[in-house]
Amino acid sequence: MNLKSLEINGFKSFAKKAVLNFNAPISSIVGPNGSGKSNVAEAFRFALGEQSFKSMRGKRGEDLIFGGTATVPKQNRASVKVTLDNSDKKLPIDFEEVILERVVHRDGVNEYLING
């Protein structure tokens, strides 16, 4: 099982949809301070079901949603999709590709989806 992609939308510093494709093995994410490196790791953990908002530098679900700037309005929801290659069937479901998605809304409601 390999990680194919990570799609982040409205999560923390990601106001617009960002898609990270993992076509080759990745061992690190680099960039200057404040560029969102930690937010990428937290997005991955969030999608896989992390329950502690404190461990993701927040107090409640609303803290994970993009809060807006002077030029970009705040979002009402945040979503993260993790796409996994399941051609080796390590996950016991009958799909070659598995998409795990988690959505959090401003009212604190969370949605968890597998392949939609």
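Since the model is a prediction, treat every value here as computed from it, not as a measurement.

Definitions and limits used
- Residues numbered from 1 in each chain as written.
- Predicted model: local features only at pLDDT ≥ 70, side-chain atom pairs only at ≥ 80, totals over all residues.
- Heavy atoms only, no water.
- Helix = DSSP H or I, 4+ residues; strand = E, 2+ residues; numbered from the N terminus.
- Pairing = 2+ DSSP bridges.
- Axes fitted to C-alpha atoms, helices over the stretch in contact; angles between N-to-C directions.

A positive phi angle, near 50 degrees, is found at Lys12, a position not held by glycine. If you trace the backbone, Lys12 turns up in the loop between β1 (2-9) and β2 (18-21). Not every positive phi belongs to a glycine, and Lys89 is a case in point at roughly 60 degrees. Position of Lys89 among the secondary structure elements: in the loop between β3 (77-85) and β4 (97-105).

The five strands are arranged β2-β1-β3-β4-β5 in an open sheet whose pairing can be described as antiparallel. Of all the strands in the sheet, the pair left with one neighbour each is β2 and β5 (110-114). Across the sheet, the mean angle from the axis of one strand to that of its neighbour is 10 degrees, orientation sign disregarded. Inspection of the sheet shows β4 paired to β5 by five bridges, in the antiparallel sense. In the strand pairing of β5, Leu100 is matched with Ile114.

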